[in-house]
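Chain and residue survey
Here is how the chains run, residue by residue.
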Amino acid sequence: MMKFALLMGLGLSLGSLPVWAQGATPLPSPAATASPTSGEAPATATPSPLASPTLTPEQVTDAQVEQLVRILLELDPLIREASAQLRETQNEEEYEQIMQRTETQASRIVEEQGLTVLQYRELMTLANENPVLNQRVRARLQEVLQEGEASNSPKPATPTPTP
């Protein structure tokens, strides 16, 4: 049941992206990120092996912030859907299948954005621990959300000149 708690923690952190982007909730914990190789989550909360990351917050590029934001936006609907399915199931086998499928999809999302799961976790650790990097991620996330809203809004009709 620890896996469910970890998945739910990520889902709740991303529960409302506009609010999250404004800083009302913390960035999702890297401990809650799906593991690419195992369906098993640690039974106890252990310190991240990335506690002393090889990358400093100052070394994080704008491209990496962009990758992180794109990953977070793609993970949000996946986590919401999986969380809903997990709440509804009473079958342990189905529960495990949902967890495995979600972990596989989450890993694929991370890798499609050009990061490894380990790199993603390292960036998330840094973003959670460093207020300056945290703000960079939040600001870019807010920009992307606003760009999405602007592109979805209807464009005003241009008047046709009359001869």
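Residues numbered from 1 in each chain as written. Predicted model: local features only at pLDDT ≥ 70, side-chain atom pairs only at ≥ 80, totals over all residues. Heavy atoms only, no water.

1. A short note on the side chain of Asn130
Put simply, the test is: In this text, helices come from DSSP runs of H or I with a minimum length of four residues, and strands from runs of E with a minimum of two, each type numbered from the N-terminal end. Buried means the residue's accessible area, taken with a 1.4 Å probe over protein chains only, is under 20% of the maximum for its type, while exposed means over 50%, and partly exposed covers the values in between.
As for its placement among the helices and strands, Asn130 is situated in the loop between α5 (117–129) and α6 (131–152). The exposure class assigned to Asn130 is buried, which follows from its relative accessible area of 17%.

2. As for the pattern of salt bridges
When their charged atoms lie close together, side chains carrying opposite charge are able to pair. Using the following cut-off: The salt bridge criterion pairs a side-chain nitrogen of Lys or Arg with a carboxyl oxygen of Asp or Glu, the two atoms within 4 Å.
Tallying each qualifying case throughout the model produces 7 salt bridges. Of the charged contacts, one joins Arg70 and Glu66 as a salt bridge, the two residues approaching to 2.8 Å between their closest N and O atoms. Of the two residues, Arg70 and Glu66 are both situated in helix α3 (residues 62–88); the distance of 4 residues between them amounts to about one turn of the helix. We note a salt bridge from Asp76 to Arg80, for which the minimum N-O separation is 3.0 Å. Of this pair, Asp76 and Arg80 are both found in helix α3, 4 residues apart, which corresponds to roughly one turn of the helix. Judged by relative accessible area, Arg80 falls into the partly exposed class, the value being 39%.

3. What about the confidence of the model for the protein chain?
Counted only if it meets this: Residue-level confidence of the predictor is what pLDDT reports, using numbers from 0 through 100. Here a residue-residue contact requires only that any non-hydrogen atoms of the pair lie within 4.5 Å.
Per-residue confidence for the protein chain averages 73 on the pLDDT scale, and 61% of its residues sit at or above 70. When mean pLDDT is taken per element in the protein chain, helix α4 (residues 92–112) scores highest with 95 and helix α1 (residues 2–13) scores lowest with 37. Confidence drops under pLDDT 50 across residues 1–52; counting only partners more than four residues distant or on other chains, this segment forms 106 contacts.

4. Points about the environment of Leu68
You can see Leu68 is positioned in helix α3. In the structure, Leu68 is positioned 72 residues away from Arg140 in sequence and 9.7 Å away in space, judged by C-alpha atoms. If sequence neighbours within four positions are ignored, Leu68 has contacts with Tyr120, Leu123, Met124, Ala127 and Val137.

5. A few points about the nonpolar core
Let me state the cut-off plainly: What makes a nonpolar core is a set of buried Ala, Val, Leu, Ile, Met, Phe, Trp, Tyr and Cys residues whose side-chain atoms join them at distances within 4.5 Å.
Val60, Leu68, Ile71, Leu75, Tyr120, Leu133 and Val137 are the most contacted members of the largest nonpolar core, which totals 25 residues. Secondary structure elements with two or more residues in this core: α3, α4, α5 and α6. With 8 residues, the single largest contributor to this core is α3.

6. Some points on the packing of α5 against α6
Quick note on the threshold: Only C-alpha atoms enter the line fits that serve as axes; for helices the fit covers just the stretch in contact. Angles between N-to-C directions range over 0 to 180 degrees. Each angle is binned into one of four classes, with values under 35 degrees roughly parallel, values over 145 roughly antiparallel, values of 65 to 115 roughly perpendicular, and all other values oblique.
Put simply, α5 and α6 touch, their axes get as near as 5 Å, and they point 110° apart. Here α5 lies roughly perpendicular to α6, going by the angle between them. In this structure, α5 uses Leu123, Leu126, Ala127, Asn128 and Glu129 to contact α6, whose residues at the interface are Pro131, Leu133, Asn134 and Val137.

7. Notes on α5
As a reminder of what qualifies: What a helix should span is 1.5 Å times the count of its residues minus one.
The first and last C-alpha atoms of α5 sit 18 Å apart over 13 residues, in line with the 18 Å expected at 1.5 Å per residue. Buried residues of α5: Val117, Tyr120, Glu122, Leu123, Met124, Thr125, Leu126 and Ala127, and no others. Along its buried surface, α5 packs onto α3, α4 and α6.

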